[in-house]
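Structure assessment
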Amino acid sequence: MTRMRIVVGSVLLFAFSVLPTSAQSPHEGAIKARKAQMQLYAWNLGILGDMAKEKTEYNADAAKAAAASLSALARLDGSSMWPAGSDSTALPDLTRAKAESWTTYPAVVEKQKAFLAAVDAMNEAAGGGLDSLKGQMKAMADGCGGCHKDFREEKK
Ligand code: HEC
């Protein structure tokens, strides 16, 4: 009997020791994926922002490419990346996505729609010269910020 318990105990120990540390939450992969999407937004918006601020020289092709990338990114199907229970109340160490995204749904969809309209306007404007790009920068940044204000926690 004692021997049996020891064997069972060591099997369990083994099982736990081989679990990858990423098994912290079943939602970790989804959270990583949506953060990656956000990072790609930031990268492409940064290219446009640097031109608008004249930190880099305006280049119509590069501006068009960044705007087209934003447009493609904004159209990714997000349904797998925002599973219920993957909010910052449940998983404060993993995510800054406020629970309101789920509890006030579909309010967040309205923010996404407003953002998409800004992305489309930027897609039209970006290749049309520096003034044209500058003219859409605020609406574009507001498209990101409008959602962050209600649905993303401040950085801790
Ligand atoms: C419809 C809502 C929404 C829109 C639109 C949106 N975001 Fe976000 N963003 C979020 C949420 C929610 C988070 C928190 C995600 C998390 O921590 O799981 C986030 C997180 C981020 C992060 C941090 C990512 C990380 O690695 O932790 C960056 C950077 C970011 N967004 C940039 C942008 C930019 C730039 C745009 C516009 C081009 C944008 N976002 C548009 C909701 C949005």
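Above this text is the structure in question.
Computed from a predicted model, the values in this text were never measured in an experiment.

**So, the coordination of the iron atom of the ligand**
Taken together, Met-38 (SD) and His-148 (NE2) make up the full set of protein donors to the iron atom of the ligand, lying 2.1 to 2.4 Å away. Coordination at the iron atom of the ligand comes from 6 donor atoms whose angles at the metal span 86 to 179°, giving a geometry best classed as octahedral. A residue pair is termed long-range when its members are at least 10 positions apart, and Met-38 in helix H2 (residues 28–52) and His-148 in helix H6 (residues 130–151) qualify at 110 residues. With relative accessibility at 32%, the residue Met-38 sits in the partly exposed group.

**Topic: the pattern of salt bridges**
Scanning all chains against the criterion turns up 7 salt bridges. Asp-120 is the partner of Arg-75 in a salt bridge, and the nearest nitrogen-oxygen pair spans 2.9 Å. In this pair, Arg-75 sits in the loop between helix H3 (60–74) and helix H4 (100–103) while Asp-120 sits in helix H5 (residues 107–125), placing the two residues 45 residues apart along the sequence. Accessibility expressed as a relative area gives 45% for Arg-75, which makes it partly exposed. Each member of the salt-bridge network shares a partner with another, and the members are Lys-111, Lys-149 and Asp-150.

Scoring rules and cut-offs
Residues numbered from 1 in each chain as written. Predicted model: local features only at pLDDT ≥ 70, side-chain atom pairs only at ≥ 80, totals over all residues. Heavy atoms only, no water. Donors = N, O, S within 2.8 Å, 3.2 Å for Na, K, Ca; no water. Tetrahedral: all angles 85-135°; square planar, octahedral: opposite > 155°, others 65-115°. Helix = DSSP H or I, 4+ residues; strand = E, 2+ residues; numbered from the N terminus. Buried < 20%, exposed > 50% of the residue type's maximum accessible area, 1.4 Å probe, protein only. Salt bridge = Lys/Arg side-chain N within 4 Å of Asp/Glu carboxyl O.

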